[in-house]
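# Close look at the chain arrangement
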Amino acid sequence: GAGVSQSPRYKVAKRGQDVALRCDPISGHVSLFWYQQALGQGPEFLTYFQNEAQLDKSGLPSDRFFAERPEGSVSTLKIQRTQQEDSAVYLCASDRGLAGGPGSTDTQYFGPGTRLTVL
Amino acid sequence: QQQVKQSPQSLIVQKGGIPIINCAYENTAFDYFPWYQQFPGKGPALLIAIRPDVSEKKEGRFTISFNKSAKQFSLHIMDSQPGDSATYFCAGTGSARQLTFGSGTQLTVLP
C-alpha cells in the first residue's frame with residue numbers, strides 16, 4: 001500500500017516568500033504530525049492533528065507557521081514570510097490514532113520530507 | 001530543553017561488529033521508546049520499540065536494553081552489515097503523542 005507522501009520534495013524560496021508544503025497521509029490514518037528536522041539533528045515536533053482537529057500546535061516556532069487539515073486527510077503546512085532559519089526538512093507522519101492513555105501507542109509512519117531552502 | 005540525550009554522535013564499526021547507541025531521557029511521563037532508522041533523503045522508519053515494563057527486547061539482529069531506574073536505554077545491532085549504515089534516532093513519547101527525538105547517531109559499517 002502507499003505510504004505517506006509529501007510534495008514538493010524540494011522547495012527553494014527567497015526570504016520573505018510564502019510557501020505551502022503538502023502531506024498525504026496513509027489512507028485511513030486518523031492522526032497526522034508535522035516535524036522539522038534541521039541538518040544533522042533529530043526531528044522536532046511542530047503540530048498534531050486528529051482528524052481535522054488540531055490538538056497540539058505547541059511546537060510551531062512562530063505565528064508565521066500555520067497548519068491545516070480541513071477534511072481530515074491531506075494536510076498543508078504554510079510558512080509565511082520565510083526566513084533563512086526556516087531552512088530544514090519538514091517531515092509529515094501519520095498513524096491509526098489507536099493510542100490513548102498510558103502504555104498504549106501507535107507507530108508513526110513518516111513521509112520522505114520536503115527540503116526547504118530559504119535564500 | 002533537550003529531553004532525550006543520545007550518544008555517540010557518530011560510530012564506525014567493521015562488518016560483524018556490535019555497535020551500541022545510548023540514550024537517556026528526562027521526561028518520566030514517557031511510556032514508549034522507539035528507535036528509528038533514517039537513510040539519506042528518506043524519512044525515519046521504525047526499527048524497534050520498547051515499553052518501560054520490560055528490560056530487554058529483541059527483534060532479529062536488533063536489541064533494546066532498558067534501565068528504568070537510570071532512565072537510560074540502548075540499541076545493540078548484532079552482526080552489523082554495511083547495509084545498516086544509516087542514522088539512528090532514539091525517541092520517547094507518552095500520552096501527548098508527539099515523539100521527542102534524540103540528536104541522532106550516524107553509523108558506518110565498513111565492509
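Attention in this report is confined to the structure presented alongside it. (Residues numbered from 1 in each chain as written. Chains lettered and ligands numbered in written order. Predicted model: local features only at pLDDT ≥ 70, side-chain atom pairs only at ≥ 80, totals over all residues. Heavy atoms only, no water.)

### Points about the sheet that holds strand β6 (residues 56-59) of chain B
Residue and element names in this part refer to chain B. Cut-off, in case you're wondering: By this definition, two strands are paired if DSSP reports at least two bridges between them. Only DSSP runs of H or I covering at least 4 residues are called helices, and only runs of E covering at least 2 are called strands; the numbering of each starts at the N terminus. Where helices are involved, their axes are fitted lines through C-alpha atoms of the stretch in contact, as for all axes, and angles between N-to-C directions lie from 0 to 180°.
Spatial ordering of the open sheet is given by β1-β3-β8-β7-β6, a layout of 5 strands whose pairing is antiparallel. Both outer strands of the open sheet, β1 (4-7) and β6, are each paired with one neighbouring strand and no more. The sheet shows a mean angle of 15° between the axes of neighbouring strands, taken without regard to direction. In this sheet, strand β7 (residues 62-67) lies alongside β6 in antiparallel orientation, the contact comprising 4 bridges. When the sheet's bridge partners are listed, Glu59 is paired in β7 with Phe62.

### What to know about the packing of aromatic side chains
The geometry of an aromatic ring pair is captured by the separation of the ring centres together with the interplanar angle, meaning the angle of the planes. Just so we agree on the cut-off: Each aromatic pair joins two rings of Phe, Tyr and Trp (for Trp, the six-membered one) with centres within 6.5 Å, and gets the label stacked for planes under 30 degrees apart, edge-to-face for over 60, and tilted for any other angle. Burial classes: relative accessible area under 20% of the type maximum marks a residue as buried, over 50% as exposed, and values in between as partly exposed (1.4 Å probe, protein chains only).
Inspection of the entire model under this criterion finds 19 aromatic pairs over all chains. Judged by centre distance (6.1 Å) and plane angle (75°), the rings of Tyr35 of chain A and Phe45 of chain A are edge-to-face. Here Phe45 of chain A lies in strand β5 (residues 44-50) and Tyr35 of chain A lies in strand β4 (residues 31-37), a separation of 10 residues in the sequence. Here Phe45 of chain A falls in the buried class, since its relative accessible area comes to 9%. Ring centres 5.0 Å apart and planes at 55° place the aromatic pair Phe33 of chain B and Phe73 of chain B in the tilted group. Taken together, the positions of Phe33 of chain B in strand β4 (residues 33-38) and Phe73 of chain B in strand β8 (residues 72-77) put the pair 40 residues apart, joining distant regions of the chain. On the basis of relative accessibility, which here comes to 0%, the residue Phe33 of chain B falls in the buried class. Residue classification places Phe73 of chain B among the buried positions, given a relative accessible area of 2%.

### Comments concerning the sheet that holds strand β8 (residues 75-79) of chain A
All names here are of chain A. In spatial order, the strands read β1-β3-β8-β7; together these 4 strands make up an open sheet with antiparallel pairing. Each edge of the open sheet is held by one strand with a lone partner, namely β1 (5-7) and β7 (65-68). Across the sheet, the mean angle from the axis of one strand to that of its neighbour is 15°, orientation sign disregarded. In the sheet, strand β3 (residues 19-24) pairs with β8 via 5 bridges, with the strands oriented antiparallel. Residue pairing for β8: Arg22 is matched across the bridge by Thr76.

Keep in mind these numbers describe shape, not what the thing actually does.
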